[in-house]
Amino acid sequence: MSSSTPTTPSIERTASTIWGGRFDSGPSAVMEAINASIGFDKRLYRQDIAGSKAHCTMLVATGILSKADGEAILGGLDRILAEIEAGDFPFSVALEDIHMNIESRLKDLIGEAAGRLHTARSRNDQVATDFRLWVRDAIDGVEGALARLQDVLITRAEEHADTVMPGFTHLQAAQPVTFGHHLLAYVEMIGRDRGRFHDARVRLNESPLGSAALAGTSFPIDRAMTAQILGFDRPCANSLDGVSDRDFALEFLAAASIASIHLSRLAEELVIWTSAQFGFVRLPDAYSTGSSIMPQKRNPDAAELVRAKAGRVIGDLASLLIVMKGLPLAYSKDMQDDKEPVFEAADTLELCIAAMTGMMETITPKVDRLRAAAGQGFTTATDLADWLVRALGTPFRHAHEVSGALVKMAEKKGVGLEDLSLAEMQTIEPRLTDEAIKVLSVDWSVRSRTSFGGTAPDNVRAACAAARARYAAKAPPR
Ligand code: ARG
């Protein structure tokens, strides 16, 4: 970042040309360092220019600004946008933030007319507007990326609608499920994540512009016009609220935190599944790393990092909650510290979604290993109990006991339930038949789980089709 430009007063430490009217001298170096936000809020440049252009257009339309000045300002802002995008804009720390950097450059480019742009506006409503626009774009980006991850998960679920695997509770083998069903659980979680971002966007979409410093303005501005130009649904109804709340950023961070938690759970499963002991899936080389000492290692680093980075995002939410807690109305400079947590969370989440999408697209489930594991740990004991209820009318509690006794017998012999002979089983319940033996297979077990939302392969195929339709219909509004 260049710290001196023709208009930069930092070397002489003269007062800011923008607010220095009542100041005799400039800020100390430490003051400048703690005060400046340009190092991070330069990311708002596109939104800042869009906001300024909307404001300028409205000032001309309402007769507050002459057409000639308006045209000069719009032309200058377009040039600044091009300069920044080309990487040759002279950012200056002495000019504090993105708003003053752009305004100062505008003065270099078009002269005194630049000074009229800030009529009926304050940096307080300016930054609130810019930041809302930025978060709105971030929401749209995250929403699209999550939709793409859902798409990949649904495709893999369709492929593996028949692949049996152990389902767990307490990370103990519980009942057989299908791999497709397991993936669809995440499709649902991500669907709700998208819903949370979507809801946040709806509430966010009001324009603070025209709230001015805090009290509104005496100029005959048209707030509905600027709101409309910027794609907001309406202006914020209260100027104090407009400049001083950051709940839209908090909602973004809260939605990002919950989405990160979902990603971290899937990441944790990948870590477990890729271990030699589980051996459920293989991660491709592209998403694995080796060890510098142990030649056999294939580490799931990307999954571990997705798991870890949820911590950062949650930290970002905690950080902004604490910044905002107890702030009196209206604007306080504390609120300048709202941006870094949001930028970090947005970047982190984007990377985590991309990594997870890449991994889920390319993992290879080890179908035979999953099938073998699906039957380990007496996972069809419930099926046997259910058979006793269905075929013999046994009360479930008693059926549970019978099935439990059979598990005990198998465990003692060191075999699976399906390895017991009918004669052996009949020593515990004489009414058991060959039909009862059938329900002990993992395929029979999953095929029987046909209740709505259950794991049966036909259900999973139908659920995939339903998920595609439901989630395609929930595209973000544009
Ligand atoms: N850089 C400031 C921020 O991000 C802009 C608003 C400054 N307003 C003020 N009254 N000093 O919050």
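Provided above is the structure to which this section pertains.
Please read these numbers as outputs of a predicted model, since none were measured by experiment. Throughout this document, residue positions are counted from 1 along each chain, in the order its sequence is written. pLDDT decides what is reported in this predicted model: residues at 70 or higher carry local features, side-chain atom pairs at 80 or more are listed and counted, and totals for whole chains, interfaces and linings draw on all residues regardless. To get the side-chain values, all heavy atoms of the structure are used, and hydrogens and water are removed first.

1. Structural notes on the overall build of the protein
Quick reminder of the rule: Only DSSP runs of H or I covering at least 4 residues are called helices, and only runs of E covering at least 2 are called strands; the numbering of each starts at the N terminus. Only C-alpha atoms enter the radius of gyration; for comparison, a globular chain is expected to reach 2.2 Å times N to the power 0.38, where N is the number of residues. Burial here depends on accessible area, computed with a 1.4 Å probe over protein chains only, as a share of the maximum for the residue type. Under 20% is buried, over 50% is exposed, and the range in between is partly exposed. In what follows, residue pairs with any heavy atoms lying within 4.5 Å of each other are defined as contacts. All accessible areas in this document rest on Shrake-Rupley with a 1.4 Å probe, and a residue is counted as covered only by the protein chains that are shown. For the charge count, each Lys or Arg is scored as positive and each Asp or Glu as negative, with His and the chain ends excluded. By convention, charge coordinates are those of NZ in Lys, CZ in Arg, CG in Asp, or CD in Glu.
Helix and strand counts for the protein stand at 19 helices and 6 strands. Against the globule reference of 23 Å for 478 residues, the protein gives a C-alpha radius of gyration of 31 Å, more extended than a compact globule. With respect to the principal axes defined by its C-alpha atoms, the protein has extents near 100 × 50 × 40 Å. Looking at the protein as a whole, 48% of its 478 residues are labelled buried. Look at the contacts in the protein between residues 6 or more apart in sequence, and 75% of them connect residues 24 or more apart. Surface accessibility of the protein: about 21800 Å² in total, with carbon and sulfur atoms responsible for 55%. The average position of the 52 basic charges and that of the 62 acidic charges among the side chains of the protein differ by 3 Å.

2. So, the packing of helix 11 (residues 301-324) against helix 12 (residues 339-362)
Cut-off, in case you're wondering: The angle between two axes is taken between their N-to-C directions and runs from 0 to 180 degrees, where each axis is a line fitted to C-alpha atoms and a helix contributes only its stretch in contact. When an angle is under 35 degrees it counts as roughly parallel; over 145 it counts as roughly antiparallel; between 65 and 115 it counts as roughly perpendicular; any other value is oblique. Two helices crossing with the near one rotated counterclockwise from the far one by less than a right angle form a left-handed crossing, whereas a clockwise rotation gives a right-handed crossing. Polar here means any residue outside two lists: the nonpolar Ala, Val, Leu, Ile, Met, Phe, Trp, Tyr, Cys and Pro, and the charged Asp, Glu, Lys and Arg; Gly therefore counts as polar.
The contact between helix 11 and helix 12 brings their axes to 9 Å, and the two run at 155°. By the criterion of interaxial angle, the relationship of helix 11 to helix 12 is roughly antiparallel. Viewed along their axes, helix 11 and helix 12 form a crossing whose handedness is left-handed. For the pair formed by helix 11 and helix 12, the contact residues are Ala302, Ala303, Val306, Lys309, Arg312, Val313, Asp316, Ser319 and Leu320 on the first element and Pro341, Val342, Glu344, Ala345, Thr348, Cys352, Ala355, Met356 and Met359 on the second. Each residue belonging to the contact of helix 11 with helix 12 can be placed in one class, and the counts come to 12 nonpolar, 2 polar and 4 charged.

3. Observations concerning the site of the ligand
Keep this limit in mind: Whether a residue is near a molecule or strand depends on its heavy atoms: it is near if one of them lies within 4 Å of it. Polar contact is the term for a pair of N or O atoms within 3.5 Å; when the atoms are in protein, one must be able to donate a hydrogen and the other to accept it, and sequence-neighboring residues count only if both atoms are side-chain atoms.
Taken together, the neighbourhood of the ligand is formed by Ser37, Asp41, Asp97, His99, Arg123, Asn124, Val127, Tyr331, Gln336 and Lys339. One of the side-chain nitrogen or oxygen atoms of Asp97 is found 2.9 Å away from a nitrogen atom of the ligand. With respect to the ligand, the side chain of Lys339 contributes an N or O atom lying 2.7 Å from an oxygen atom. In isolation the ligand exposes 340 Å². Once the protein is present, 86% of that is buried. When residues of the shell around the ligand are assigned to their parent elements, the largest contribution, 3 residues, is made by helix 6 (residues 123-159). Tallied by class, the residues present in the shell around the ligand amount to 2 nonpolar, 4 polar and 4 charged.

4. Quick word on the pattern of salt bridges
Proximity of charged atoms lets side chains of opposite charge pair with each other. Here is the rule we go by: By convention in these notes, a salt bridge is any Lys or Arg side-chain nitrogen within 4 Å of a carboxyl oxygen on Asp or Glu.
Taken as a whole and assessed by the stated rule, the structure comprises 31 salt bridges. A salt bridge links Arg246 to Asp338; its shortest N-O distance comes to 2.7 Å. Taken as a pair, Arg246 in the loop between helix 9 (239-244) and helix 10 (247-273) and Asp338 in the loop between helix 11 and helix 12 lie far apart in primary sequence, 92 residues in all. Each of Glu96, Asp97, Arg123 and Lys333 takes part in salt bridges that share partners, so that together they form one network.

5. Observations concerning the side chain of Ser257
Locating Ser257 in the fold gives a position in helix 10. Those residues in contact with Ser257 that lie beyond four places of it in its chain are Val313, Ile314 and Leu317.

6. Quick word on the packing of aromatic side chains
This is how it is decided: Here a Phe, Tyr or Trp ring, Trp counted by its six-membered ring, pairs with any other such ring whose centre lies within 6.5 Å, and the pair is stacked when the planes are under 30 degrees apart, edge-to-face when over 60, and tilted otherwise. A ring is considered to have a charge above it if a Lys NZ or an Arg CZ atom is located within 6 Å of its centre and within 35 degrees of its normal.
Inspection of the entire model under this criterion finds 9 aromatic pairs. Stacked on the ring of Phe232, the Lys or Arg Arg136 has its end atom at 5.1 Å from the ring centre. One residue, Lys339, lies across the ring of Phe131, its end atom 5.7 Å from the ring centre.

7. Quick notes on the nonpolar core
Considering soluble globular proteins, one finds that nonpolar side chains tend to be buried as a cluster. Quick note on the threshold: The nonpolar core is taken to be a set of buried Ala, Val, Leu, Ile, Met, Phe, Trp, Tyr and Cys residues, with the residues joined through side-chain atoms within 4.5 Å.
Ranked by size, the top nonpolar core spans 91 residues in total, and within it Phe197, Phe252, Met356 and Met360 carry the most contacts. Element by element, the count of residues in this core is highest for helix 10, at 15 residues. Discounting chain neighbours no more than four positions away, the residues touching Met360 are Leu149, Val152, Leu153, Arg156, Leu183, Leu266 and Leu270. Core analysis: the second largest hydrophobic core is formed by 17 residues, Ala385, Trp387, Leu420 and Val439 among them.

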